[in-house]
Amino acid sequence: MTRVTGDGISLAVRDEGEGQPVLLLHGFPDAARVWRHQIPALVAAGARVIAPDLRGFGESDKPGAVSEYTVSRSVADMIALLDGLGIERTHVVGHDWGAAVAWVLAATSPARVERLVAMSVAHPNTARPPTIEQREKGWYQLLFQFTGVAEELLMRDDWKLLREILAGAGDLTAALQDLSRPGALTAALNWYRANLAPSLELEPDPPLPPVAAPTLGLWSTGDRYLTEDRMIRSAEHVTGSWRYARVEGASHWMQLDAPQHVNDLLLEFLD
């Protein structure tokens, strides 16, 4: 891992390979390690892979204020990261919160994004109004709003509630080690507090511009948190070419559960 300056913070970044850049953006409660099956495959295919720990996660800085965790701040991190590494244009692959960052980056800085892959999380314009099904799937997002209470409940009894929310999927052991560090859990939850506070539903939501880059949307049938219809409807917000693929039998963390299939999809689309 190397250190790169983001938007006023320091980010831990894996930078491997040479050739066409591919920026990999993880989500909650992960770090760049969640891409461990994709990085070697992309590097072997001739790509330069840049995989940061997003702000608040892994080894990257963890600012204290909730306002530091808006998606727009992380987009600014990625622009600063690309500038610092001398990268003008890149493919972007995002999962979970990383997909939200990737969508906004591609929509607001189209000159920087060659191709976009959004995993699990759909174009932000599809979020409103949320369906009852999506509200039910995202129940934990409301719990996460309660500062202090959420932290105590999630950590209680050896992380019993968080273990149940994650249902044994993803990088559970490593994630719990990360979140056990001072301030780490609050930093991770601040992503939800900054971007999904219930009060934000009462405010006007300026639509995000459509994405001009060719885009691949991926959703997995074992996703307990997000609905398929939103990913499908993302096509309405992409002016570049659009492709959708369903990953069968994988949890929300499809890059870990079906790595070869995900790698094949990425390599084909990014070729």
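Thresholds, definitions, all that
- Residues numbered from 1 in each chain as written.
- Predicted model: local features only at pLDDT ≥ 70, side-chain atom pairs only at ≥ 80, totals over all residues.
- Heavy atoms only, no water.
- Pairing = 2+ DSSP bridges.
- Helix = DSSP H or I, 4+ residues; strand = E, 2+ residues; numbered from the N terminus.
- Buried < 20%, exposed > 50% of the residue type's maximum accessible area, 1.4 Å probe, protein only.
- Contact = heavy atoms within 4.5 Å.
- Arc of directions from axis to C-beta.
- Axes fitted to C-alpha atoms, helices over the stretch in contact; angles between N-to-C directions.
- Parallel < 35°, antiparallel > 145°, perpendicular 65-115°, else oblique.
- Left-handed = near helix turned anticlockwise from the far one by under 90°.
- Phe/Tyr/Trp six-rings, centres within 6.5 Å; stacked < 30°, edge-to-face > 60°.
- Lys NZ or Arg CZ within 6 Å of the ring centre and 35° of its normal.

Can you walk me through the pairing of strand β2 (residues 10–16) in this structure?
Working note: regular strand, side chains alternate between the two faces of the sheet. Pairing analysis gives four bridges linking strand β1 (residues 2–5) to β2, with the strands arranged antiparallel. Within the sheet, the bridge partner assigned to arginine 3 lies in β2 and is alanine 12. Pairing of β2 with strand β4 (residues 47–52), which is carried by four bridges, proceeds in the antiparallel orientation. Within β4, the position partnered with valine 13 by the bridge is proline 52.

Looking at this model, I keep getting lost on the environment of glycine 64. Mind explaining?
Within the element layout of this structure, glycine 64 appears in the loop between β4 and α2 (71–84). Taking the relative accessible area as the measure of exposure, glycine 64 reaches 68% and is therefore exposed. The sequence separation of glycine 64 and leucine 270 amounts to 206 residues, and the corresponding C-alpha distance is 37 Å.

What is the right way to look at the environment of isoleucine 87 in this model?
Along the chain, the position of isoleucine 87 falls in the loop between α2 and β5 (90–95). Considered as a pair, isoleucine 87 and arginine 112 are 25 residues apart in the sequence and their alpha carbons are 8.5 Å apart. Filtering out sequence-adjacent residues up to four positions away, isoleucine 87 remains in contact with Pro21, Arg48, Ile50, Leu82 and Arg112.

I keep staring at helix α7 (residues 172–179) and nothing clicks. Help me out?
Count 3.6 residues to each turn of an α-helix, and residues three or four apart come out pointing the same way. Restricting attention to buried positions, one finds in α7 the residues Leu172, Ala175, Leu176, Asp178 and Leu179. All buried residues of α7 lie within an arc of 160° about the axis, which places them on one face of the element. Facing away from the buried side of α7, by more than 90 degrees, are the exposed residues Thr173 and Gln177. Next to the buried residues of α7 lie α6 (149–166) and α8 (184–195).

Help me out: how do you make sense of the packing of α6 against α7 in this one?
When two helices pack together, their arrangement is given by the angle between the helix axes and by the axis-to-axis distance. Across the interface, α6 lies against α7 with an axial gap of 12 Å and an inter-helix angle of 140°. As far as their axial angle goes, α7 and α6 are oblique. The interaxial crossing formed by α6 with α7 has right-handed handedness. The segment α6 lies against α7, with Trp159, Leu162, Arg163 and Leu166 engaging Leu172, Leu176 and Leu179.

When you look at the packing of aromatic side chains in this model, what are you seeing that I'm missing?
Working definition: an aromatic ring pair is given by the centre-to-centre distance plus the angle between the planes. Taken as a whole, this structure holds 11 aromatic pairs when the rule is applied. Here the aromatic rings of phenylalanine 28 and tyrosine 192 are separated by 5.3 Å at their centres, their planes lie at 90°, and the arrangement is edge-to-face. Here the residue phenylalanine 28 occupies a position in the loop between β3 (20–25) and α1 (38–44), and tyrosine 192 occupies one in helix α8, the gap between them amounting to 164 residues. Grouping residues by exposure puts phenylalanine 28 and tyrosine 192 together as buried. Considering the side-chain rings of tyrosine 225 and tryptophan 253, the 6.0 Å spacing of their centres and the 75° angle between planes classify their relative orientation as edge-to-face. Highlighted residues: tyrosine 225 in the loop between β7 (215–222) and α9 (228–233) and tryptophan 253 in the loop between β8 (242–251) and α10 (254–257), separated in sequence by 28 residues. On the accessibility criterion, tyrosine 225 (7% relative accessible area) is buried. By relative accessible area, which is 2% here, tryptophan 253 ends up buried. Among the aromatic residues, those joined into a cluster by ring pairs are Phe28, Phe57, Trp97, Trp139, Tyr140, Phe144, Trp191, Tyr192, Tyr225 and Trp253. Taking the ring centre of phenylalanine 269 as reference, the NZ or CZ of arginine 115 above it sits at 4.8 Å.

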